[in-house]
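Topology and contacts: notes
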Amino acid sequence: MIILSSILANWLTKKIIVPINNLNLENPLSNDVYDELSPLLNRMSKQNNQIESQFKMLMEKQLEFNAITENISEGIIVLNSKGQVLSINKSAADIFGVNATYNINKHILTLNRSLTLQKAVRTALDGNNFEDVFSKGKKTYHLLASPVMSDNPVKGIILFVLDITERQNAEKMRREFSANVSHELKTPLTTISGYAELLKNGMVKNKDVAEFSGRILDEAGHLINLVDDIIRISRLDEKNIKLSFESVDLLELAQDVVSRLMPSAHKKNITIHVTGDHAILSGVKQILDEMVYNLCDNAIKYNYDFGKVDVIVSNTPEKIILSVKDNGVGISKEHQYRVFERFYRIDKSHSKDTGGTGLGLAIVKHSAEFHNAKIQLESEPEKGTTISIIFNKNN
Ligand code: ADP
């Protein structure tokens, strides 16, 4: 009996167990086994196909998600419910200065330990949305955290990190500009109203009336210049204004500007010449005119009597360069990088005496940027200044 059952067990192992153990599970239909196993193998094969196609679909979705998130400038981080990184796009990795793949599965706080980030994760894990601003280095970011929920427990968190440095700087500049404009407008208005009051109350001797009226006129003139310059610079600030580009000959434009400035040059016995090549560029004539006018006007204003101003236009295969060169008072090194700022003047009283608004070079800078041109300044105190506008023909 024992012998019989051992033979049966042996037979069962050989005929039934061994074929099962040797099954090729990767490719169930390729197995040559007894018929009773066929339904099982068919099902396995079907399930294998199903798993394969679902896996393919998931991979495609993952690739699609990566392709979208990798190419957007906002940082996106997906966390699980433990706060570990499931996915981090390139922008977010760049913002936190980490390697995107290296940080998968690590806790978010290993990327950055800022209190804002900790608070964002905690708030989102409690099921609430969070948004705040945080700084890193010289940059400012807007952080948004949203919980991912199915029914109630939080399954994960999505973090969005937006670089708002430029927007904040622009807002700061606008605030400073408004404060400066108010201040600059107030000064001549206060003077005008002071003189007008004295005249109205009969407190000015007859012989001084002409002088007082003259001062009112000067201040009013300064006010008009100021308002004109503010309008010009505000128009340049409006990045999407529609201005028509046309072909402009820079040499002819410079000649025209200089002819209009001849009277002020003559007053100081300054000689002013335009030389160089004809150079046609595509630009907005009015803006180019204001730019060249401001440069030549400064070269006269900040020059000595009997000084010299040269406007040179050169046309090379790659570039068109307009240089305004004077042998006037010059600009010392410490002021050179600031003179293009709005309302920056080296000698405030001299600038005002000569009708300056402090906006001339800011208008030049914006006009050059508007035409994708670069500015170069070379200057030496008491020797003179050369400011060049370099237009790249390949732009
Ligand atoms: P402003 O209306 O006062 O002339 P700008 O923006 O045109 O304002 O110039 C800023 C400052 O830069 C001036 O106040 C002046 O001190 C200096 N500056 C500009 N151009 C020259 C120049 N060609 N030579 C010397 N100093 C200059």
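For the structure itself, look to the data block above.
Summary of the structure given here. Note that the structure is a prediction, hence the values are computed from the model and not measured.

Conventions used here
- Residues numbered from 1 in each chain as written.
- Predicted model: local features only at pLDDT ≥ 70, side-chain atom pairs only at ≥ 80, totals over all residues.
- Heavy atoms only, no water.
- Phe/Tyr/Trp six-rings, centres within 6.5 Å; stacked < 30°, edge-to-face > 60°.
- Helix = DSSP H or I, 4+ residues; strand = E, 2+ residues; numbered from the N terminus.
- Buried < 20%, exposed > 50% of the residue type's maximum accessible area, 1.4 Å probe, protein only.
- Salt bridge = Lys/Arg side-chain N within 4 Å of Asp/Glu carboxyl O.
- Patch = residues over 30% accessible without salt bridge, like charges linked within 9 Å, V, L, I, M, F, W, Y side chains within 5 Å.
- Areas by Shrake-Rupley, 256 points an atom, 1.4 Å probe, with all protein chains shown as cover.

A separate point is the packing of aromatic side chains. Tallied over the full model, the rule gives 5 aromatic pairs. Between Phe96 and Phe134 the ring centres are 6.3 Å apart and the planes differ by 5°, which places this aromatic pair in the stacked class. Of the two residues, Phe96 is situated in helix H3 (residues 90-96) and Phe134 in strand S3 (residues 130-136); the sequence distance between them amounts to 38 residues. By relative accessible area, Phe96 is classed as buried at 5%. Under the relative-accessibility criterion, Phe134 is labelled buried at 5%. Taken together, a centroid distance of 5.9 Å and an interplanar angle of 20° make the contact between Phe245 and Phe370 stacked. Placement of the pair is Phe245 in the loop between helix H6 (206-237) and strand S6 (246-249) and Phe370 in helix H11 (residues 360-370), with a sequence separation of 125 residues. Judged by relative accessible area, which is 45%, Phe245 ranks as partly exposed.

Outside of glycine, negative phi angles account for most residues, and trans bonds account for most peptide bonds. Backbone geometry at Asn105 places phi at a positive 75°, although glycine is not the residue there. Looking at the element boundaries, Asn105 is found in the loop between H3 and helix H4 (115-125). Phi is positive for Glu382, which is not a glycine, with a value near 65°. The topology assignment puts Glu382 in the loop between strand S11 (374-380) and strand S12 (384-392).

Take the pattern of salt bridges next. Under the defined criterion, the tally for this structure stands at 16 salt bridges. Salt-bridge contacts for Glu211 lead to Arg215; the nearest nitrogen and oxygen are separated by 2.2 Å. Taken together, the positions of Glu211 and Arg215, both in helix H6 and 4 residues apart, correspond to about one turn of that helix. Of the residues examined, Arg215 reaches a relative accessible area of 32% and is grouped as partly exposed. A salt bridge links Glu290 to Arg232, with the nearest nitrogen and oxygen atoms 3.2 Å apart.

Residues Leu8, Trp11, Leu12, Ile16, Ile17 and Ile20 make up a contiguous nonpolar surface patch of roughly 530 Å² in combined accessible area. Relative to the elements of secondary structure, Leu8 occurs in helix H1 (residues 2-21).

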